[in-house]
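Analysis of the macromolecular model
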Amino acid sequence: QVQLVESGGGLVQAGGSLRLSCAASGRSFDSYAVGWFRQAPGKERQFVAAIIRGSGGRTYYVDSVKGRFTISRDNAKNTVYLQMSSLKPEDTAVYYCAADLRQSRLRVETDYDYWGQGTQVTVSS
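Since the structure is predicted, the reported quantities are computational estimates derived from the model, not experimental observations. (Residues numbered from 1 in each chain as written. Predicted model: local features only at pLDDT ≥ 70, side-chain atom pairs only at ≥ 80, totals over all residues. Heavy atoms only, no water.)

Concerning the sheet that holds strand β3 (residues 18-26)
Put simply, the test is: Paired strands, in this sense, are two strands between which DSSP finds at least two bridges. Put simply, DSSP H or I for four residues or longer makes a helix, DSSP E for two residues or longer makes a strand, and each gets a number counted from the N terminus. Only the stretch in contact is used when a helix axis is fitted, and all axes are lines through C-alpha atoms; the angle between N-to-C directions ranges over 0 to 180 degrees.
Strand order in this open sheet of four strands is β1-β3-β8-β7, and the pairing throughout is antiparallel. Only two strands of the sheet have a single neighbouring strand rather than two, namely β1 (2-7) and β7 (69-74). Within this sheet the neighbouring strands show an average axis-to-axis angle of 15°, counted without direction. Relative to strand β8 (residues 79-84), β7 is paired through six bridges, and the arrangement is antiparallel. Bridge pairing in β8 links Thr70 to Gln83.

Right, here's the structure in full:
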């Protein structure tokens, strides 16, 4: 079992920054990959970023956030972060973190085993 709790969302102006946190408990934290997804109103949930298990040296991003978002993990704190900069109104969504115990395709929502409850990010123009 893995429990995930997101935090750090809020309201920010376009061009601003936010850092989301995903605090994990349960299974050994460094044994699974972690991804961030987002869901805007009326749209399907979308992959945003992922980081592999272990020391987390390899990361993956959707093209629309490359160069603006950075995913990282602190295994000592059982936490994954999503640093978001140069935010745009189209980044507005509920952001979810998820755990992939098998470290499979990472960009595919259905490959993830556990999900957090989500945190709202709103970017005003």
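Picking up after the structure, the text goes on.
Notes on the state of the cysteines
Put simply, the test is: The definition used for a disulfide is geometric: two cysteine sulfur atoms within 2.5 Å. Three exposure classes are used, based on accessible area relative to the maximum for each residue type with a 1.4 Å probe and protein chains only: buried under 20%, partly exposed in between, and exposed over 50%.
Evaluation of the coordinates by the stated rule reveals one disulfide. Between the sulfur atoms of Cys22 and its disulfide partner Cys97 the distance amounts to 2.1 Å. Taking the torsion about the S-S bond as the criterion, the Cys22 to Cys97 disulfide, at about 70°, is right-handed. With a gap of 75 residues between them, Cys22 in strand β3 and Cys97 in strand β9 (residues 93-100) connect regions that are remote in the sequence. Owing to a relative accessible area of 0%, Cys97 belongs among the buried residues under this scheme.

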